[in-house]
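Geometric and topological summary
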Amino acid sequence: EEPLISVDGVLWAYSADHGIWQRIDHSELITLAQLFDGAYTADPGGKPKRIKIGFQRAGNISRSIYHLHELQAPSFFELNQKPGIAFTNGYATISEWGVELEEHSPENAATVAYDFELDEEAEPPEKWLEFLDSLFVKDRDKHAKINVLQEYIGGAIAGLSTTYQRCLLLLGTGANGKSLLGDLIAELLFPEGTTTFVSPRRWDKEYSLASLKDSMINIVGELPETNALDASAFKSIVAGDRIEARLPYQPPFYMRPRAAHIFSANEVPRTSDTSHGFMRRWIMLSFNENFENSPFRKNKEDFLKELEPEKAAIVYWALSGAARLIRTGGYTRLESHNEAIEDWRKESDGVFDFATSCLEFPSERVTPLREIRSAYEDWAGRVGRSTEISSKHLSKRLVKCGLTRKRVSTGTSIQCAIKPIAQWEDVSN
């Protein structure tokens with residue numbers, strides 16, 4: 001009597017007891033079809049007739065069910081799922097006004113649920129907040145970093161991550177707690193089966209992409225420093241664009257990934273993409289503490305045991321952060337993030353590094369491109385960068401850095417001034 005739908009070759013049945021849509025496996029349909037083997041029916045003349053259903057016929061029946069017109073709902077989950085998550089006592093919807101508990105309904109399009117109740121009167125998770133405070137205790141933007149984590153985790157739980165199109169990079173060397181934080185988020189805060197660990201290095205593989213289909217959070221412990229972020233699918237996955245994926249021995253299918261992504265790295269990874277469209281996908285969260293010799297250091301199992309009683313309170317705390325994310329229209333601004341992004345772009349883009357180190361812009365002055373190229377070659381030789389660059393390529397790259405190109409009678413010029421060599425950054429004069 002409960003609703004049944006077919007979405008992209010998968011059959012779903014709604015469970016009123018749990019408040020979620022549950023997938024019915026192909027093998028289960030085959031078993032159900034085979035239960036009719038040997039049963040009696042009647043032919044058009046009313047004569048009794050025994051039904052024969054072998055394994056092959058049962059498989060054909062199960063595949064046919066996916067294509068029944070009255071069950072077809074190809075965009076049901078994409079069109080109906082609203083920000084929120086199911087609990088045993090209802091569906092928690094998230095809006096700019098906060099967290100509100102509603103009755104379960106098929107229209108919520110929920111496919112996962114927590115196995116505990118939402119406590120709208122929950123006290124702040126004291127031990128969890130103490131742990132986060134210890135990670136950033138000396139940072140001037142400590143509170144902003146904790147707010148970002150609250151918003152990011154809450155947004156992932158509520159299915160909002162691809163709306164804001166950002167991934168989180170936990171950055172820092174040494175025993176600074178970033179790996180522990182990732183482990184606690186993965187093992188404590190998300191329903192079972194909704195956490196994946198797929199490196200972006202494998203995002204150009206159809207099988208790897210398929211594993212993100214049901215993921216709410218994707219956590220990569222150590223992001224490789226080289227060639228990890230140049231896959232063409234990167235921006236599409238973070239933005240939740242429709243992509244093609246495939247499971248082994250199965251036909252391709254299309255999906256919209258909804259997962260949030262948390263990466264950890266000792267150093268910023270190398271990338272050839274320094275465009276604004278790429279850089280704006282990131283939130284850089286720097287970890288500056290070192291707990292290696294701390295007398296208060298605890299392992300993951302100790303933290304899990306200590307935080308388990310606060311699990312429901314932590315989830316409610318995170319969802320409150322998701323409500324703030326909707327209300328403000330973006331993640332809390334971080335001073336340290338802006339500095340880290342600029343350093344990353346300088347390291348990855350020699351022309352951007354040169355422009356910010358050696359040029360004054362905006363400026364009323366217009367400087368011939370040949371003079372700027374000569375200055376670039378001088379600077380690159382001093383700091384160990386490649387000096388080989390054509391004037392045309394240099395001109396295009398400077399425009400991408402925010403400078404203005406001018407066409408004058410003597411040739412191409414750039415609206416900027418070249419700083420005196422004594423003022424060039426990162427140069428030993």
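Here goes a summary of the coordinates provided. (Residues numbered from 1 in each chain as written. Predicted model: local features only at pLDDT ≥ 70, side-chain atom pairs only at ≥ 80, totals over all residues. Heavy atoms only, no water.)

Moving on, we come to the packing of helix H14 (residues 350-358) against helix H16 (residues 391-400). Two elements in contact, H14 and H16, have axes separated by 9 Å at closest approach and are oriented at 65°. One finds that H14 runs roughly perpendicular with respect to H16. Considering the relative orientation of H14 and H16, their crossing is right-handed. Touching Gly 350, Val 351 and Ala 355 of H14 are Leu 394, Arg 397 and Leu 398, all from H16. (Axes fitted to C-alpha atoms, helices over the stretch in contact; angles between N-to-C directions. Helix = DSSP H or I, 4+ residues; strand = E, 2+ residues; numbered from the N terminus. Parallel < 35°, antiparallel > 145°, perpendicular 65-115°, else oblique. Left-handed = near helix turned anticlockwise from the far one by under 90°. Contact = heavy atoms within 4.5 Å.)

Two side chains that carry opposite charge are able to pair once their charged atoms sit near each other. Under the definition given, this model contains 19 salt bridges. One salt bridge in this structure joins Lys 82 and Glu 102, with 3.2 Å as the shortest N-O distance. Here Glu 102 lies in strand E8 (residues 98-102) and Lys 82 lies in the loop between helix H3 (76-80) and strand E6 (84-87), a separation of 20 residues in the sequence. By relative accessible area, Lys 82 is classed as partly exposed at 31%. In this structure Glu 102 comes out as partly exposed when scored by relative accessible area, which is 28%. Across the salt bridge formed by Glu 206 and Arg 246, the nearest N and O atoms sit 3.2 Å from each other. Placement of Glu 206 in helix H8 (residues 206-210) and of Arg 246 in the loop between strand E12 (243-245) and strand E13 (253-255) is noted, with a sequence separation of 40 residues between them. Each of Glu 78, Arg 242 and Arg 256 takes part in salt bridges that share partners, so that together they form one network. (Salt bridge = Lys/Arg side-chain N within 4 Å of Asp/Glu carboxyl O. Buried < 20%, exposed > 50% of the residue type's maximum accessible area, 1.4 Å probe, protein only.)

Let us now look at the nonpolar core. In this structure, Trp 128, Leu 181, Trp 282 and Leu 319 are the most contacted members of the largest nonpolar core, which totals 84 residues. Sort the elements by how many residues they give to this core and helix H12 (residues 311-328) lands first, with 9 residues. (Core = buried A, V, L, I, M, F, W, Y, C linked by side-chain atoms within 4.5 Å.)

Attention shifts here to the side chain of Ser 6. Along the chain, the position of Ser 6 falls in strand E1 (residues 4-7). Not counting the four nearest positions on each side in its chain, Ser 6 is found in contact with Leu 11, Tyr 66, Leu 71, Gln 72, Ala 73 and Pro 74.

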